Amino acid sequence: MNLEATRTFSIEVIQTLQSAGFQALWAGGCVRDLLLRKPSKDFDVATDATPDQVRDLFGFDRTLPIGASFGVITVQGGKRRGQVEVATFRTDLGYSDGRRPDEVRFSSAEEDAQRRDFTINGMFYDPIQEKILDYVGGQRDLKNRLVRSIGNPYKRFEEDKLRMLRAVRFSSTFAFDLELQTQHAIREYARHIHVVSAERIASEMRRMLTNDHRMIAVRMLRDLTLLHEIFPEADSTVGHALRWSETYHSLQRLTLSDFRIAMALLLRYPCQNSVLNGNPLKPIQPAERVCDRWKLTNDETKTIQWLLRHEYTIRHAEQVTWPKLQRLLIADSAPLLLGMGYAIQRARDYSTSGVEYAESRMSLPEEELNPLPLLSGSNLIQAGFKPGPQFQRVLEAVRDQQLEKRLHTTEEALAFARANWDLDHS
C-alpha cells in the first residue's frame, strides 16, 4: 500500500460524496497531522451520508459494512491505494461498558466533534476547498502544544477508559503538555482502566514505548498513577529513587525503537532476583505475569525474558568465555541485546567496553562466528553410543571445545566424547 496513493484515494472519496450532494471531510488524526506537518497513515472521512447511502454510492462490491452499526463503512481502493473508513457524523448515546457506545444517533459535523476525545483530534478539513472546520478549539491547543479533553474530561474518560492511555500517548509523542483538568480526571479514573481489554492496553503501550519520547510516556504514566494500575510489577522500581532514575535514563538512551527492549528495561529490576537465582529454563515470574496479562505474542514474551537473562552478560562480555558469548551473538535477538546493554551502561555513566567488544565479535566471518557443529546426536548414535540424557551435555561440551579451537574434526570430537563420558554402547 502506498500512503500517498491512499491519501489521493481518500480525496477521491470526498469528491464523490460531495458531488452527490453530501458533506464530506477529513476527520481526526489526519487533520491534526496535516496541521503539525507530519505524515499520516490514516485518512478517515466523515460525512452526513448514512451508511446505506455510502454503500449505494460506491457499490456493495467496493464497500465493507464492518462498522456499520456505528455508522462506519470501509471503501476499498485496491491493493495499492488501500482502504478508507467513511463514518457518518454521529452522537454517541451511553457507554455502559466504559468502552464503546451503547447506541449512536446520526447528527451533524459540529455534534460529531463534541463526542470525540481530545481537541487536537476533533477537527475536520475539506481538502477540496482547503478549509478547516474547528468546533472544539483544536487549532488553539495545537498552537499552545496542549492535549485537552473535549468538554468535560470526567465524562470523556467515563465513556471510554482507554482514552486515559491515549492522552498520555498523544502528550508524550508530540511533547505536548497535558491540560490540568484532564490530568485530574485521569488520576480519578485510573483505577477503572482494567475494564479496557488487555489487547487494547498492550497496543497503546507498544506505540508509547516504541516512540522516541518513551521515557516521557513512562514518567507520565507513573505520575498519573496509571503505571501502578496496568504495570504493578514496576512498583518496586518506581518507589526506589536510584532504580527509577536508572530505568528512566535507560529508556532515554535507548536508540532502538523496539517494544521488547523497552519492556525488558522496565522489568529489569523487578526481575533481577529471579534472573540471578532462578532456573534458566523456567519463566521469569514478574515478566511472565505482565506478558500473560497483556496477551503479548510468544515472540515478545520469549524475547523479553531472553533479554533479561543475558543483559548482564553482554555488558561484561570481555569477561565471558567465547563459547558462552558466541551463543548469544548468533541469536536472532542479539542486536536487541546489544542495544539494551548500551542503554543501561550509558544511563549509569559506565564504560560500554563490554558491549563494544561483543559488537566487534559479531562482525567475525560466519565460519568463525558460527561454524557448523562438529558433532550431532546422529553422529553419536552412528558411533554406537546409546541415546540418553547425557547427549545434550556431550554436544554442548564438544561445541565449547570447537569454539575454543581445541577440536577441529568429527573424529577428534568423538574421541573427546569417549574420553570424557561413560556413554554405554548398545
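This structure is a prediction, so every number in the text was calculated from the model and none was measured.

Within the fold, Val168 resides in helix H7 (residues 162-174). A sequence separation of 222 residues divides Val168 from Gln390, and the C-alpha atoms of the two residues are 53 Å apart. Leave out the neighbours within four places in its chain, and Val168 touches Met208, Ala217, Met220, Leu221, Leu224 and Leu226.

It is worth spelling out the state of the cysteines at this point. By definition, a disulfide links the sulfur atoms of two cysteines through a covalent bond. What the rule picks out here adds up to zero disulfides. Residue Cys291 stays outside any disulfide, its sulfur separated by 8.7 Å from that of Cys271, the closest cysteine. On the basis of relative accessibility, which here comes to 2%, the residue Cys291 falls in the buried class.

Another point: the pattern of salt bridges. Scanning all chains against the criterion turns up 24 salt bridges. In this structure, the salt-bridge partner of Asp112 is Arg116, at a minimum N-O distance of 2.9 Å. The same class applies to Asp112 as to Arg116, namely buried. A salt bridge links Arg163 to Glu159; the shortest N-O distance between them is 2.7 Å. Note on Arg163: relative accessible area 7%, which makes it buried. For Glu159, a relative accessible area of 10% puts it in the buried group. In the salt-bridge network here, residues are joined through shared partners; they are Glu246, Arg268, Glu311, Arg315 and Arg348.

Each value, and the rule that gives it
- Numbers given for residues are sequential positions, taken from 1 along each chain in its written order.
- In keeping with the predicted nature of the model, local features appear solely for residues at pLDDT of at least 70, side-chain atom pairs appear and are counted solely at 80 or more, and the whole-chain, interface and lining totals rest on all residues.
- As a rule here, side-chain values come from all non-hydrogen atoms in the structure, and water together with hydrogens is ignored.
- Numbering of helices and strands runs from the N terminus; a helix is a DSSP stretch of H or I covering at least four residues, while a strand is a stretch of E covering at least two.
- Only heavy atoms matter for contacts: two residues are in contact if any of them lie within 4.5 Å across the pair.
- Disulfides are defined as cysteine sulfur pairs within 2.5 Å.
- The classification of residues rests on relative accessible area computed with a 1.4 Å probe and restricted to protein chains. Under 20% of the type maximum is buried, over 50% is exposed, and intermediate values are partly exposed.
- Only one rule defines a salt bridge in this text: a Lys or Arg side-chain nitrogen within 4 Å of an Asp or Glu carboxyl oxygen.

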